[in-house]
Amino acid sequence: GAQPATAALKPLVATLPGTVAAAREQYAARLQTLGQEPPLAAPEMAPVLTGDVGGKPVASAVIAGSNGPRLAVAVGKTIHLLGPDGQTVRTIATDGDLRVVHWWPEPKLLLAGCADEQVIAFDEAGQVRWRFTSEMDKAVWEAGKQYWFKSAHPGIHGLGTGDLGNGTLCFVGSACTIEFLDPTGKLVKRTPVFWGPGRQFLVTDKPGGGKQLLQAR
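If you're wondering where the values come from, they're calculated on a predicted model, not measured in any experiment.

Caption draft 1: Here's a closer look at the packing of aromatic side chains. Tallied over the entire structure, the rule returns 6 aromatic pairs. Judged by centre distance (6.3 Å) and plane angle (20°), the rings of Trp148 and Trp195 are stacked. Taken together, the positions of Trp148 in the loop between α2 (138-143) and β9 (158-163) and Trp195 in the loop between β12 (187-192) and β13 (200-205) put the pair 47 residues apart, joining distant regions of the chain. Classification of Trp148 as partly exposed rests on a relative accessible area of 25%. A relative accessible area of 29% places Trp195 in the partly exposed class. Joined through ring pairs, the aromatic side chains of Tyr147, Trp148, Phe194 and Trp195 make up one cluster.

Set out below in structure tokens:
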């Protein structure tokens, strides 16, 4: 096998034992002070809003609508809209268990992604504007890796919105697939993304100009 040159090895052999010994001393001293650090001086965080939604929240989104700010909280098959005082302004029911909610500011739509593959768009009055049923991209089927299929990762896992240069779109993350929807709920494009369901999205500037979509899985 390869060995370091003698000229490079000699200084290392001479200095390494002392460096290791010093590091061990520093580590031992650090161990003795663990748990003795003074508490950080930070202001106490007081709650500014509390509300009872009757269960464990799975997702939330801030709504900047025409009627003032609202907090959408998803619990089970119900979206609770809370006002600034924490009181429930409205509840919205869905057929499937909720996974994610997202506010789409341009068309003023509250998007709900559910475990039954449905994306539902509600207007500010809580009325359904449209529904979209997610499908896995054909290329994912062809890959044959069933442990990444919708059967293993069912439902909607992520929702986002943004403008990639031709108007605002909705990004739907599911099993190895991103679906792009226009504000009317029409499918613009479906593309495979290997591997895993997309959960978060961010539109950024490309170094050479234009826009690009980042996905976190």
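Caption draft 2: Spotlight on the sheet that holds strand β3 (residues 78-82). The strand order across the open sheet formed by 4 strands is β1-β2-β3-β4, and the pairing between neighbours is antiparallel. Both edges of this open sheet fall to β1 (59-65) and β4 (88-93), since each of them pairs with a single strand only. Ignoring which end each strand starts from, the neighbouring axes of this sheet average 20° apart. The sheet contact formed by β3 and β4 spans 5 bridges and is antiparallel. When the sheet's bridge partners are listed, Thr78 is paired in β4 with Ala93.

Caption draft 3: Looking closely at the layout of surface pockets. In this structure, the largest pocket encloses a volume near 170 Å³. Forming the boundary of the largest pocket are 15 residues, of which Ile63, Arg70, Leu81, Arg90 and Glu124 lie nearest the centre. Every element with two or more residues in the lining of the largest pocket is listed here: β1, β2 (68-75) and β4. Among the elements that make up the lining of the largest pocket, the one with the highest residue count is β4 (3 residues). Of the residues assigned to the lining of the largest pocket, the class counts are 6 nonpolar, 5 polar and 4 charged.

Parameters at a glance
- Residues numbered from 1 in each chain as written.
- Predicted model: local features only at pLDDT ≥ 70, side-chain atom pairs only at ≥ 80, totals over all residues.
- Heavy atoms only, no water.
- Phe/Tyr/Trp six-rings, centres within 6.5 Å; stacked < 30°, edge-to-face > 60°.
- Helix = DSSP H or I, 4+ residues; strand = E, 2+ residues; numbered from the N terminus.
- Buried < 20%, exposed > 50% of the residue type's maximum accessible area, 1.4 Å probe, protein only.
- Pairing = 2+ DSSP bridges.
- Axes fitted to C-alpha atoms, helices over the stretch in contact; angles between N-to-C directions.
- 1 Å grid on protein atoms, 1.4 Å probe; cavity = no way out; pocket = protein on both sides within 12 Å on 5 of 7 lines; lining within 4 Å.
- Points joined across faces, edges and corners; volume = space filled by probe spheres on them.
- Nonpolar A, V, L, I, M, F, W, Y, C, P; charged D, E, K, R; others polar.

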